[in-house]
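# Coordinates in review
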Amino acid sequence: MAREWETVIGLEIHAQLATRSKIFSGSATAYGGSPNVQANLVDLGYPGVLPVLNREAVRMAVKFGLAIGATVARRSVFARKNYFYPDLPKGYQISQYELPVVASGAVEILLDDGARKSVGVTRAHLEEDAGKSLHEGLGRMSGIDLNRAGTPLLEIVSEPDMRSAREAIAYMKKIHTLVRYLEICDGNMQEGSFRCDANVSVRPKGARDYGTRCEIKNLNSFRFVERAINHEVARQVELIEGGGKVVQETRLYDPGRDETRSMRSKEEANDYRYFPDPDLLPLSLDDAFIEDVRQGLPELPDAKAARFAKEHGLSDYDAGVLTASRELANYYEEAARASGGKWKRTANVVAGEVLGRLNRDGLDIQDARITPILLAGLVARVEDETISISSVKPVFEWMWDHGADADAAIAAKDRRQIKDTGAIEKAIAEVMAANPRQLADYRAGKDKLFGFFVGQVMKATAGKANPAQVNELLKRMLAGP
Amino acid sequence: MSLHASTAAEIGRGLRAKKYSSVEVAKHFLGRIERANPGLNAFVTVTAERALADARRADERIARGHGGPLTGVPLAHKDIFCTAGILTSCGSRMLSNFVAPYDATVVERLDAAGMVLLGKTNMDEFAMGSSNETSYYGPVKNPWDTGKVPGGSSGGSAAAVASRIAPVATGTDTGGSIRQPGALTGLTGFKPTYGRVSRYGMIAFASSLDQAGVLAQSAEDAALVLGAMAGFDARDSTSVDAPVPDYAKGLERPVKGLRIGIIREFFGEGLDAGTGAAVRAAIDAFRKEGATVTELSLPNLPLSVPTYYVVAPAECSSNLSRYDGVRFGHRCKDPKDLLDLYRRSRGEGFGAEVKRRIMTGTYVLSAGYYDAYYLKAQKVRSLINADFRRAFGQVDVLMGPTAPTPAFAIGAKTDDPILMYLNDIYTIGANLAGLPAVSVPCGLVDGLPVGLQVIGPHFSEERLLATAHAWQCATDWHRRVPAAYA
Amino acid sequence: MISVKFFPLFPPGALVTLTRRDVENIAHLARLEITEAELPVYVSSLSSILAFVEQLSGAATDDVVPMAHPLEGQVQRLREDAVTESDRRESYQRNAPAVEAGLYLVPKVIE
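What comes next concerns the included structure. The structure presented is a predicted model; accordingly, all values stated were derived computationally and were not measured. (Residues numbered from 1 in each chain as written. Chains lettered and ligands numbered in written order. Predicted model: local features only at pLDDT ≥ 70, side-chain atom pairs only at ≥ 80, totals over all residues. Heavy atoms only, no water.)

Another point: the interface of chain C and chain B. Chain C puts 59 residues into the contact, and the matching count from chain B is 78 residues. The contact between chain C and chain B buries some 6100 Å² in all, and 69% of this surface belongs to carbon and sulfur atoms. The interface formed by chain C and chain B contains 1 salt bridge. Note that Glu-72 of chain C and Arg-389 of chain B form a salt bridge whose closest N and O atoms lie 3.6 Å from each other. At the junction of chain C and chain B, the tally comes to 15 residue pairs in polar contact (both at pLDDT 80 or more). Put simply, the parts of the chain that give the side of chain C that touches chain B at least two residues each are helix 1 (20-29), helix 2 (39-53), helix 3 (89-92) and strand 3 (103-107) of chain C. Tallying contributions element by element places helix 2 of chain C first for the side of chain C that touches chain B, with 8 residues. Looking at the side of chain C that touches chain B residue by residue, the class counts come to 40 nonpolar, 11 polar and 8 charged. (Contact = heavy atoms within 4.5 Å. Buried area = accessible area lost by both parts, 1.4 Å probe. Salt bridge = Lys/Arg side-chain N within 4 Å of Asp/Glu carboxyl O. Polar contact = N/O pair within 3.5 Å; in protein donor to acceptor, adjacent residues only side chain to side chain. Helix = DSSP H or I, 4+ residues; strand = E, 2+ residues; numbered from the N terminus. Nonpolar A, V, L, I, M, F, W, Y, C, P; charged D, E, K, R; others polar.)

Have a look at this one:
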């Protein structure tokens with residue numbers, strides 16, 4: 001008999017902070033340089049060098065803490081995490097252990113069924129990133145590039161509050177959106193600026209204790225996170241149901257094979273021998289510092305979405321879509337204001353046409369080929385009935401392809417709405433004449449055929465007839481003399 | 001007066017009075033080094049060309065009237081300070097091929113003051129030792145008796161200045177490594193307050209204890225060099241941002257009214273009789289000059305050595321992890337895999353004492369032992385610090401012996417690490433509390449120097465230097481030179 | 001002056017003796033190669049060092065705050081977020097034992 005299993009997931013997210021220089025040295029953090037050109041003596045762990053803390057990294061950590069409603073520690077301590085690995089030049093990573101800069105907070109996620117759930121964030125702390133190892137093309141050697149060593153990271157640890165891969169994705173996306181809103185991280189997963197490790201365990205439904213968990217490392221896309229978690233859950237359940245026990249270990253997700261593998265090099269339980277770093281003094285943050293950061297906080301996604309829903313009358317879902325990034329939200333809002341407050345219409349066009357086109361072309365909102373002002377022009381032409389709804393898409397596409405305004409597109413595509421009563425009556429008459437059987441059936445009582453006639457009239461007018469007028473005139477004319 | 005009988009201050013004055021040129025002075029000392037070093041092993045690297053270049057630059061500065069008190073004065077740096085373009089070995093095989101790509105802040109500042117670099121001095125490996133017997137480059141000999149140790153870890157600097165083959169030298173002090181060799185070789189060994197001098201470029205042993213300082217012939221020399229070395233450095237987070245007084249100006253402060261405390265726990269078992277007598281006599285001399293002397297108990301001080309031998313190894317076990325054969329330093333031949341690279345490079349590169357301390361440190365930080373050892377030791381450290389604070393509420397300075405015995409024979413204590421560690425029983429306390437302290441020569445016992453240690457509260461360098469200076473105005477122990485080097 | 005025994009202040013507790021296994025584990029954590037011949041020497045010296053520091057266990061330290069830094073009351077200074085370094089790779093890699101195409105070489109690590 002198969003038991004019912006409950007999945008327990010916690011996520012550890014490493015967000016690279018978007019500072020200009022590294023957390024403990026003045027080296028550049030820019031991505032993609034030639035190997036080791038952005039690694040100075042401090043990053044290389046040379047004899048005699050010492051770390052000095054980057055103020056902006058601290059501000060960014062505090063920003064995050066305030067945004068998730070967490071306590072910002074007035075006093076926090078940097079600790080050394082000791083282990084040997086070639087991409088860790090000092091043989092220890094400077095991190096925070098017992099006293100992190102941000103203590104517990106929470107974020108709210110929107111589930112698939114529209115319900116809301118609060119996911120706890122246990123802590124967030126500052127630490128330095130390690131370098132990179134390259135294993136190809138060097139024979140029996142690996143090559144170490146330390147450009148990345150010393151880049152500031154904010155490690156965000158969630159409570160084990162998630163109960164499915166979908167919830168985990170929702171949480172991860174929420175954090176991803178949040179760090180980009182706060183402009184503390186560019187969220188670029190391909191470049192490794194936003195990395196996720198998942199702690200996954202299962203337990204019988206109703207059990208109070210947690211099962212043994214496995215850590216799945218370096219998941220660099222939302223899709224991989226979901227697949228890896230689902231695979232891991234299945235693996236653990238099968239293992240336990242087959243009489244085995246889950247071994248606490250670190251596993252790597254292989255997207256090619258869609259499976260997780262035990263990581264050989266991290267097999268042994270590491271004793272990190274944490275102790276406070278004697279080269280750094282305790283980080284002390286006063287009220288003035290924290291208040292200054294608070295003043296600089298932007299309107300956060302939840303607040304913005306709530307405002308769109310309340311003040312603009314958008315649905316929660318639409319508000320959520322439009323606040324996925326600050327840039328998108330700003331685009332929408334600018335266009336809607338320029339259109340004279342036509343919130344819903346603008347939302348529809350942005351969500352429907354703009355996002356659709358960006359997706360197709362593989363672009364971000366910053367690369368939009370139509371400015372918010374031009375988009376507002378399109379909205380205005382719908383509102384003033386110059387064009388009908390069904391003309392929006394072709395007009396929009398023309399505007400986008402030519403970088404043009406709505407009027408130019410409407411003229412070029414000949415999409416002006418037909419509002420002349422005479423012309424519409426003429427079209428209706430032609431349609432009635434062309435479909436005598438349906439006319440007879442309609443007059444005999446088949447009301448459903450009204451939609452058929454509407455469709456035929458629209459087809460005959462290439463979708464340009466004003467729908468309200470078509471409805472009114474069709475009703476009158478179909479009714480008969 | 002011959003140059004090598006002159007203090008650094010005297011040489012500086014002589015240079016500005018155009019009695020001789022910096023180049024002449026440099027050549028004089030380089031010649032002495034060439035003759036004496038084989039017998040002392042004080043230097044790992046002699047930088048003759050650099051010295052002459054520095055000297056020529058100094059002469060130009062003096063000619064333009066821009067010379068300061070140290071311009072053109074020769075100096076030796078302990079081989080723990082990174083010197084750009086020059087081998088910086090830290091007394092270890094691990095760095096025996098390491099040419100530093102940058103200058104330590106201490107090196108930059110003394111260079112800016114116009115000092116002339118004679119070379120890099122021998123030291124206990126990674127500053128771990130009290131006799132300069134753990135160096136990869138072989139033991140250093142005490143100029144007072146070449147069968148005896150000069151003390152450590154700054155043994156090379158001490159031997160160089162004691163034999164007057166260099167007028168002054170830098171050192172570092174983590175558990176007594178400036179003061180103890182100073183005592184064993186008849187020098188003024190000064191360790192400033194923790195944070196007074198930048199640690200940037202000073203190869204780390206135990207980060208919360210290490211401090212740079214001076215092995216000098218006199219308090220005046222120490223004042224001049226310290227004044228040039230000290231001060232805030234933005235590259236060192238533990239560097240204190242406080243103004244540096246003109247130490248040389250403050251030397252003439254009178255001793256009358258000075259409140260001296262003697263530490264009861266320092267005069268018990270373990271202190272050699274002759275040393276104890278010389279130190280007590282010195283303290284008595286102060287009393288006769290108008291100082292008051294009070295006996296105080298610092299009851300936690302006897303735990304200094306065990307505290308130190310938990311904290312220092314813990315910090316060093318982590319500080320020395322960077323030596324892995326990957327980016328610099330010794331690398332074993334033909335490593336078969338990563339583990340082999342690490343184990344053999346480090347096994348070959350480090351000597352026994354360093355390995356012992358790394359392993360001790362690894363143990364006391366490891367899971368299950370952290371609370372009982374490391375955390376406990378840091379708590380006892382607080383107790384020791386509190387003892388000192390209470391004492392300085394009653395007295396201005398504390399006095400006592402620097403080392404328990406005069407210099408001992410080379411090889412006499414190398415079999416027993418604990419026996420060796422006990423050489424630091426009087427010096428370690430000041431490191432744990434971050435206090436400034438100085439050792440000044442106060443006698444000879446069987447022909448070997450003995451030191452008086454003076455410890456002050458944080459940032460009391462001026463008072464310590466003045467106290468040492470007053471002593472040196474009234475006595476001439478600091479002017480004694482072993483006959484072979486006079 | 002009263003003569004006071006300086007050592008040991010507290011008699012050592014249970015004598016700490018490490019086993020070979022202990023020392024092998026520590027040496028592995030510290031990535032130090034210890035030969036067969038050296039092992040017993042280290043077992044002995046490390047055991048005596050640990051026995052020596054056992055004295056600390058007798059000290060009364062309840063409610064005592066551990067002292068991580070001699071600079072009480074000092075806090076970490078913050079640095080402006082500015083790039084101050086330029087490419088000095090060539091100079092720094094002069095000291096490197098094994099470099100290719102700007103990368104530091106180590107025996108291959110299989111993950």
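Before going further, it helps to examine the pairing of strand 9 (residues 141-145) of chain A. By the criterion of burial, strand 9 of chain A is predominantly enclosed, with 5 of the 5 residues buried. Here strand 9 of chain A shows no split at all, with Met-141, Gly-143 and Asp-145 of chain A on one side and Ser-142 and Ile-144 of chain A on the other all buried. Here 3 bridges tie strand 8 (residues 132-134) of chain A to strand 9 of chain A, and the two strands are oriented antiparallel to one another. Within strand 9 of chain A, the residue paired with Leu-134 of chain A across the bridge is Gly-143 of chain A. Hairpin remark: strand 8 of chain A followed by strand 9 of chain A, antiparallel, with 6 residues in the connecting loop; positive phi at Gly-137 of chain A, about 75°. Taken together, the 4 bridges between strand 9 of chain A and strand 3 of chain C define a ladder with antiparallel strand orientation. For Ile-144 of chain A, the partnering residue across the bridge sits in strand 3 of chain C and is Tyr-104 of chain C. (Buried < 20%, exposed > 50% of the residue type's maximum accessible area, 1.4 Å probe, protein only. Pairing = 2+ DSSP bridges.)

Core analysis: the biggest nonpolar cluster contains 203 residues, and Phe-126, Phe-388, Leu-398 and Leu-452 of chain B have the highest contact counts within it. If sequence neighbours within four positions are ignored, Phe-388 of chain B has contacts with Leu-298, Leu-301, Leu-398, Gly-429, Ala-430, Ala-433, Leu-435 and Ile-455 of chain B. Counting residues in hydrophobic clusters, the runner-up holds 70 residues, among them Ile-9, Phe-24, Ile-109 and Met-189 of chain A. (Core = buried A, V, L, I, M, F, W, Y, C linked by side-chain atoms within 4.5 Å.)

The subject of this paragraph is the pairing of strand 7 (residues 116-128) of chain A. All names here are of chain A. By the bridge criterion, 6 bridges tie strand 6 (residues 105-110) to strand 7 in an arrangement that is antiparallel. Considered in strand 7, the bridge of Ile-109 is made with Lys-117. Remark: 5 residues form the turn of the hairpin made by strand 6 and strand 7, two consecutive strands paired antiparallel; Gly-114 in that turn has positive phi of roughly 90°. Bridge analysis of strand 7 against strand 10 (residues 152-158) gives 7 bridges, and the strand direction is antiparallel. Each bridged residue has a counterpart across the sheet, and for Glu-127 the counterpart in strand 10 is Leu-153.

Residue and element names in this part refer to chain A. As summarised here, the arrangement of the 8 strands in space is 6-7-10-1-11-12-13-14, forming an open sheet in which the pairing is mixed. The open sheet has two edge strands, strand 6 and strand 14 (259-262), and neither has a second partner. This sheet shows a mean twist of 30° between the axes of neighbouring strands, independent of strand direction. Against the sheet, helix 3 (residues 165-181) engages strand 1 (5-16), strand 6, strand 7, strand 10, strand 11 (194-204) and strand 12 (214-219), with an angle of about 115° to strand 6. Where helix 4 (residues 222-241) meets the sheet, its contacts fall on strand 1, strand 11, strand 12, strand 13 (250-254) and strand 14, and the angle it forms with strand 11 comes to roughly 25°. (Axes fitted to C-alpha atoms, helices over the stretch in contact; angles between N-to-C directions.)

In this section: the sheet that holds strand 2 (residues 99-100) of chain C. Here 4 strands make up an open sheet; going across it, the order is 8(A)-9(A)-3(C)-2(C) and the pairing antiparallel. The open sheet terminates on both sides in strands that have one partner only, identified here as strand 8 of chain A together with strand 2 of chain C. With 2 bridges connecting them, strand 2 of chain C and strand 3 of chain C associate as antiparallel partners. Bridge pairing in strand 3 of chain C places Val-99 of chain C opposite Tyr-104 of chain C.

This part is about the packing of helix 9 (residues 304-319) of chain B against helix 12 (residues 371-392) of chain B. All names here are of chain B. Where helix 9 contacts helix 12, the two axes come as close as 9 Å, and the packing angle between them is 130°. Between helix 9 and helix 12, the crossing angle belongs to the class labelled oblique. You can see that helix 9 and helix 12 cross each other, and the crossing is left-handed. Mapping the contact onto sequence places Ser-304, Thr-307, Val-310, Val-311, Ala-314 and Glu-315 in helix 9 and Tyr-373, Tyr-374, Ala-377, Gln-378, Val-380, Arg-381 and Ile-384 in helix 12. (Parallel < 35°, antiparallel > 145°, perpendicular 65-115°, else oblique. Left-handed = near helix turned anticlockwise from the far one by under 90°.)

We now examine the pattern of salt bridges. It is possible for side chains of opposite charge to pair when their charged atoms get near one another. Residue and element names in this part refer to chain A. The final tally for this structure, using the stated rule, is 71 salt bridges over all chains. Between Glu-167 and Lys-117 there is a salt bridge, with the nearest N and O atoms lying 2.7 Å from each other. Note that Glu-167 is positioned in helix 3 and Lys-117 in strand 7, a separation of 50 residues in sequence. One salt bridge in this structure joins Glu-249 and Arg-251, with 2.6 Å as the shortest N-O distance. Among the ionic contacts, a cluster of salt bridges with common partners joins Glu-299, Lys-304, Arg-307, Glu-333 and Arg-337.

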